[in-house]
Amino acid sequence: MSDVNSGINWEDPFCQDASNCFRLGTDADGNAYIAVAGQEDRYLTDSLEALRTLITDIKAGKADHLL
């Protein structure tokens, strides 16, 4: 799903359960975005490489101490 106003192409929401959903997005300039589903106008942004590293580290358990 694309946000025409911002140029962000949002993926479908990822939900742990019905109340904890977020979305990942990218743009044509190689930027990555993370937002709470339904609040896509309030996002964090960084490079695609930074997003890739974040996801890889989470999958490797490097953020488990935050839970």
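Shown above is the structure to which this text applies.
Because the structure is predicted, anything quoted here is derived from the model rather than measured. (Residues numbered from 1 in each chain as written. Predicted model: local features only at pLDDT ≥ 70, side-chain atom pairs only at ≥ 80, totals over all residues. Heavy atoms only, no water.)

Caption draft 1: Highlighting the overall build of the protein. The helix and strand inventory of the protein stands at 1 helix and 6 strands. Listed N to C, the secondary structure of the protein is β-β-β-β-β-β-α in terms of helices and strands. With the C-alpha coordinates aligned to their principal axes, the bounding extent of the protein is approximately 35 × 30 × 15 Å. Within the protein, the fraction of its 67 residues that count as buried is 16%. At a minimum sequence separation of 6, the contacts of the protein that also span at least 24 residues come to 12%. Approximately 5100 Å² of the protein is accessible, and the part contributed by carbon and sulfur atoms is 54%. Of the side-chain charges in the protein, 5 are positive and 12 negative, and the distance between the mean point of each set is 5 Å. (Helix = DSSP H or I, 4+ residues; strand = E, 2+ residues; numbered from the N terminus. Buried < 20%, exposed > 50% of the residue type's maximum accessible area, 1.4 Å probe, protein only. Contact = heavy atoms within 4.5 Å. Areas by Shrake-Rupley, 256 points an atom, 1.4 Å probe, with all protein chains shown as cover. Lys, Arg positive; Asp, Glu negative; His and termini not counted. Charge placed at Lys NZ, Arg CZ, Asp CG, Glu CD.)

Caption draft 2: Fine view of the pairing of strand E6 (residues 43-47). The pairing of strand E5 (residues 31-36) with E6 spans 5 bridges and is classified as antiparallel. Following the sheet pairing, Tyr33 is matched in E6 by Thr45. Hairpin remark: E5 followed by E6, antiparallel, with 6 residues in the connecting loop; positive phi at Gly38, about 90°. (Pairing = 2+ DSSP bridges.)

Caption draft 3: Highlighting helix H1 (residues 48-59). The end-to-end C-alpha separation of H1 is 17 Å, in line with the 16 Å expected for 12 residues at 1.5 Å each. Two residues or fewer past H1, Gly61 is found with a positive phi of approximately 90°. (Expected span 1.5 Å × (residues − 1).)

Caption draft 4: Focus on the pattern of salt bridges. Enumeration over the complete set of coordinates arrives at 3 salt bridges. With its nearest N and O atoms 2.9 Å apart, the salt bridge here joins Glu49 to Arg52. Of this pair, Glu49 and Arg52 both sit in helix H1, separated by 3 residues, roughly a single helical turn. Under the relative-accessibility criterion, Glu49 is labelled partly exposed at 47%. Residue Lys62 is joined to Asp57 by a salt bridge in which the shortest nitrogen-to-oxygen separation is 3.5 Å. On the basis of relative accessible area, Lys62 is assigned to the exposed category, the value being 55%. (Salt bridge = Lys/Arg side-chain N within 4 Å of Asp/Glu carboxyl O.)

Remember that the coordinates give geometry; whether it matters functionally is a separate question.
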